[in-house]
Amino acid sequence: MIKNICCIGAGYVGGPTMAVIAQKCPHIKVTVVDLNENRIAAWNDADVENIPIYEPGLSTVVAEARGRNLFFSTDVDKAIDEADMIFISVNTPTKTYGVGKGMAADLKYIELCARQIARVAKNDKIVVEKSTLPVRTASAIKEILEHTGNGVQFQILSNPEFLAEGTAIADLFAPDRVLIGGDTTVEGQKAIQTLVDVYAHWVPKDKILTTNVWSSELSKLTANAFLAQRVSSINSLSELCEKTGADVNEVAKAIGLDSRIGSKFLKASVGFGGSCFQKDILNLVYIAKSYGLHEVADYWEQVIIMNDHQKRRFATNIIKTLYNTVSGKNITFLGWAFKKDTNDTRESAAIYVADDLLSEQAIIRVYDPKVSEDQIQYDLNYLATRSSVQNAQGVQVLQDPYEACKDAHAIAVLTEWDEFKTYDWQRIYDGMLKPAFVFDGRNLLNRSELEAIGFTYYAIGN
Ligand code: NAD
Ligand code: UDX
């Protein structure tokens, strides 16, 4: 039985996942470690509302378990040494250099973890891949761990995480499935069972699926590719709807009622964002290419091409509609996060739309209920296209939505935050320059209500 768990990586996956394991298994000591001192300090902040990740319900779970059997620390070696089971939950971003640049997953953080575990471990351990990894990564981790020469036995499991941000706690409490891949050997099966026993404290047994390691690794990449493909599919039709007079919301409803298709992930939008979809599809494309499977690679790459097109198309429509120039015009962004109920902005469509408008010399004002000004500036500078200095100057971040919309030529809705629906849109209209435009990248607002006030309203695909 597991008594002591360590998780390397206190991010959007490691933090919530371990908080839930600690809450559901009070007899297991769970220590989450990270190199990032600021992040760990924030997880330990006396005011639990200041934890570094905004996720509905997370602060309550942390408040219950923190200090009891849930700990956050920067002492990675100590946590590794004490643990029977180590989750690796570090980031695996797209490579920005060298072979596979812009496509392959950068596994340097994973390898560093493996080397650190190999160096520190003095007794047998189960190492769990929680990060999303290319198929066959476990064999590389195994090789590193087995060459320590100190006789420690390691079992490597793949246990990919399927939570979505914004609903992480609900997803962790009641997952569609938990996937655990391990070796087919007796020791491998024993390790699988040990992890099954942890989840079985709250997840029904029939939802815990066990497979071989490679199936588990590949299933995670594939699940994200399939989900992203649905968004790109509906987004491709949104453009056709605009040309033909069909309404993409009606089309989505009509096809979603077919039980073979289903209704989820058919919401047309300005384009998908988030830290996972693009990275994981690019990785899948890269793996396919490296096996010489060019048709397979091209098939999945089209999902990304469609998504890039959708973001650009949204910006282009704003420029065209505002009489082909946005130079010196005020455009207010409602929302910067890649979806509602998260403060995560990685790969958010807002960043790319802002960049396109800034290159046309627009003045962008942003209001997002959970994203800080520093983060917004960081995102634009990180993108570092034309001129990051210009980007920083052209963007103002405001704390009040009505202030943000005052004297605007147009409003662009980039995130589907619920609060945007409850605003006094008459008051917003009164403060804006006329004609007043709304470009709704999330099909969030009510067209007839806005048009009755006097807005010119554009939504995606209708
Ligand atoms: P993140 O960037 O939020 O967190 C990763 C953390 O790991 C960072 O805080 C970083 O400082 C830390 N770290 C990196 N190297 C380290 C090391 N050697 N020692 C200690 N700490 C180290 O990333 P995330 O969003 O939590 O994603 C983690 C993994 O989970 C990725 O592989 C991702 O693909 C996968 N995943 C993410 C999501 C999601 O919604 N974010 C969902 C499922 C799976
Ligand atoms: C995704 C997967 O859903 C999750 O299972 C995996 O573990 C991590 O990656 P996440 O990126 O957190 O989760 O959010 P998700 O809800 O999948 O949304 C991704 C993007 O697609 C967001 O920008 C969202 O706004 C967009 N989206 C989603 C749409 O545009 N339309 C939809 O119908 C659904």
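Small disclaimer: the values here were computed from a predicted structure and weren't measured.

Analysis parameters
- Once a new chain begins, its residue numbering starts again from 1 and follows that chain's sequence as written.
- Labels are handed out in written order, letters beginning with A for the chains and numbers beginning with 1 for the ligands.
- Reporting of local features is limited, given that this is a predicted model, to residues whose pLDDT is at least 70; pairs of side-chain atoms are given and counted only at 80 or more, and all residues count toward the totals for whole chains, interfaces and linings.
- Side-chain calculation: all heavy atoms of the structure are included, whereas hydrogens and water are not.
- Nearness here has a simple test: a residue counts as near a molecule or strand if at least one of its heavy atoms is within 4 Å of that partner.
- The term polar contact refers here to a pair of N or O atoms within 3.5 Å; inside protein, the definition further demands a hydrogen-donor-capable atom paired with an acceptor-capable atom, and it admits residues adjacent in sequence only when both atoms are side-chain atoms.
- Each residue is assigned to one of three groups, with Ala, Val, Leu, Ile, Met, Phe, Trp, Tyr, Cys and Pro labelled nonpolar, Asp, Glu, Lys and Arg labelled charged, and all others, Gly among them, labelled polar.
- Areas reported here follow the Shrake-Rupley algorithm with a probe of radius 1.4 Å; residue values treat only the protein chains shown as occluding.
- By nonpolar core we mean a set of buried residues, namely Ala, Val, Leu, Ile, Met, Phe, Trp, Tyr and Cys, connected to one another through side-chain atoms within 4.5 Å.
- Working definition: with a 1.4 Å probe on protein chains only, accessible area under 20% of the residue-type maximum means buried, over 50% means exposed, and in between means partly exposed.
- Think of it this way: any DSSP run of H or I at least four residues long counts as a helix, any run of E at least two long counts as a strand, and we number them from the N terminus.
- Only rings of Phe, Tyr and Trp enter the pairing, Trp through its six-membered ring, and a pair is recorded when the two centres are within 6.5 Å. The plane angle decides the type: under 30 degrees is stacked, over 60 is edge-to-face, the rest tilted.
- Strand pairing requires that DSSP identify at least two bridges connecting the strands.
- Between N-to-C directions, angles cover 0 to 180 degrees, with each direction set by a line fitted to C-alpha atoms, over the stretch in contact for helices.
- Here a residue-residue contact requires only that any non-hydrogen atoms of the pair lie within 4.5 Å.
- For patch detection, residues must exceed 30% relative accessible area and be free of salt bridges, and they are connected within 9 Å for like charges or within 5 Å for nonpolar side chains (Val, Leu, Ile, Met, Phe, Trp, Tyr).
- Salt bridge, as used here, is a side-chain nitrogen of Lys or Arg placed within 4 Å of a carboxyl oxygen of Asp or Glu.
- For classification purposes, angles smaller than 35 degrees are called roughly parallel, those larger than 145 roughly antiparallel, those between 65 and 115 roughly perpendicular, and all remaining angles oblique.
- Should the near helix be turned counterclockwise from the far one by less than a right angle, the crossing is left-handed, whereas a clockwise turn marks it as right-handed.

Peer 1: Lay out the site of ligand 2 with the relevant residues and their values.
Peer 2: Neighbouring ligand 2 are 20 residues, the closest being Leu163, Glu165, Lys220, Ser269 and Arg442. A distance of 2.8 Å is found between an oxygen atom of ligand 2 and a side-chain nitrogen or oxygen belonging to lysine 339. Tallied by class, residues from the shell around ligand 2 come to 11 nonpolar, 3 polar and 6 charged.

Peer 1: Go over the site of ligand 1 with me, naming the residues and quoting the values.
Peer 2: In the vicinity of ligand 1 there are 25 residues, among which Asp34, Arg39, Thr92, Glu165 and Lys279 approach most closely. A distance of 2.8 Å is found between an oxygen atom of ligand 1 and a backbone nitrogen or oxygen belonging to valine 13. Taking 830 Å² as the accessible area of ligand 1 by itself, protein coverage stands at 93%. Residues of the shell around ligand 1, tallied by class, amount to 9 nonpolar, 9 polar and 7 charged.

Peer 1: Report on the nonpolar core, specifying residues and quantitative values.
Peer 2: Phe333, Trp336, Trp425 and Phe455 are the most contacted members of the largest nonpolar core, which totals 62 residues. With 7 residues, helix 13 (residues 349–359) is the largest single contributor of residues to this core. One finds Ile28, Leu70, Leu163 and Trp202 within the second-largest nonpolar core, a separate group that totals 45 residues.

Peer 1: Describe in detail the packing of aromatic side chains, supporting the description with residues and values.
Peer 2: Enumeration according to the criterion identifies 16 aromatic pairs in this entry. Relative to tryptophan 300, the ring of tyrosine 299 lies with its centre 5.2 Å away and its plane at 90°, an arrangement referred to as edge-to-face. Overall, tryptophan 300 belongs to the buried group, its relative accessible area being 10%. Ring centres of tyrosine 323 and phenylalanine 437 lie 6.3 Å apart, and the angle between their planes is 70°; this geometry places the pair in the edge-to-face category. Remark: phenylalanine 437 occurs in strand 13 (residues 437–440) and tyrosine 323 occurs in the loop between helix 12 (294–321) and strand 9 (330–334); sequence separation between them is 114 residues.

Peer 1: Help me get a handle on the sheet that holds strand 11 (residues 395–397), residues and values and all.
Peer 2: Within the open sheet, the 6 strands sit side by side as 11-10-9-12-13-14. Their pairing is parallel. Edge positions in the sheet fall to strand 11 and strand 14 (456–459), since each of these pairs with one other strand and no more. Averaged over all adjacent pairs, the angle separating strand axes in this sheet is 20°, with direction ignored. Examined bridge by bridge, strand 13 and strand 14 share 4 bridges and lie parallel to one another. For phenylalanine 437, the partnering residue across the bridge sits in strand 14 and is threonine 456. The sheet contacts of helix 13 involve strand 9, strand 10 (363–367) and strand 11, and relative to strand 9 the element is tilted by about 180°.

Peer 1: I'd like to hear about the environment of leucine 358, residue by residue, with values.
Peer 2: Turning to its location among the elements, leucine 358 is positioned in helix 13. For leucine 358, a relative accessible area of 8% translates into the label buried. Between the C-alpha atoms of leucine 358 and valine 371, which are 13 residues apart in sequence, the distance is 20 Å.

Peer 1: Could you give an account of a nonpolar patch on the surface, naming the residues involved and the relevant values?
Peer 2: A cluster of nonpolar residues, Tyr291, Leu293 and Val296, forms a patch on the protein surface that exposes about 300 Å² of accessible area. Within the fold, tyrosine 291 resides in the loop between helix 11 (277–290) and helix 12. According to the relative accessible area criterion, tyrosine 291 is exposed, its value standing at 55%.

Peer 1: With reference to specific residues and values, describe the packing of helix 1 (residues 14–24) against helix 3 (residues 58–65).
Peer 2: The interhelical angle for the contact between helix 1 and helix 3, taken along N-to-C directions, is 50°, at an axis separation of 9 Å. On the basis of the axis angle, helix 1 is oblique to helix 3. Where helix 1 crosses over helix 3, the handedness of that crossing is left-handed. Counting all contacts with helix 1, which are made through Pro16, Ala19, Val20, Ala22 and Gln23, the residues of helix 3 involved are Leu58, Val61, Val62, Glu64 and Ala65. Here the contact of helix 1 with helix 3 is composed, by residue class, of 8 nonpolar, 1 polar and 1 charged.

Peer 1: Outline the packing of helix 9 (residues 213–244) against helix 12, listing residues and values.
Peer 2: Viewed as axis vectors pointing N to C, helix 9 and helix 12 meet at an angle of 50°, and their least axial separation amounts to 9 Å. In terms of orientation, helix 9 and helix 12 fall into the oblique class. In this structure, the crossing between helix 9 and helix 12 has a hand that is left-handed. Here Ala225, Phe226, Ala228, Gln229, Ser232, Asn235, Ser236, Ser238, Glu239 and Glu242 of helix 9 lie close against helix 12, whose contacting residues are Tyr299, Trp300, Val303, Met306, Asn307, His309, Gln310 and Arg313. Among the residues making up the contact of helix 9 with helix 12, the classes are represented as 7 nonpolar, 8 polar and 3 charged.

Peer 1: Run through the pattern of salt bridges, naming residues and quoting values.
Peer 2: If you walk through the whole model with that rule in mind, you get 22 salt bridges. Put simply, aspartate 81 and lysine 122 hold a salt bridge, and the shortest N to O gap is 3.3 Å. Here lysine 122 lies in the loop between helix 5 (108–120) and strand 5 (125–129) and aspartate 81 lies in helix 4 (residues 76–82), a separation of 41 residues in the sequence. Using a relative accessible area of 29% as the deciding quantity, one classes aspartate 81 as partly exposed. A salt bridge links aspartate 183 to lysine 142; its shortest N-O distance comes to 3.4 Å. With aspartate 183 in the loop between strand 7 (178–182) and helix 8 (186–199) and lysine 142 in helix 6 (residues 137–146), this pair connects stretches of sequence that are 41 residues apart. In this structure aspartate 183 comes out as partly exposed when scored by relative accessible area, which is 23%. Put simply, Lys29, Lys78 and Glu82 are held in one network by salt bridges that share partners.

In short, shape yes, function no, at least from these values alone.
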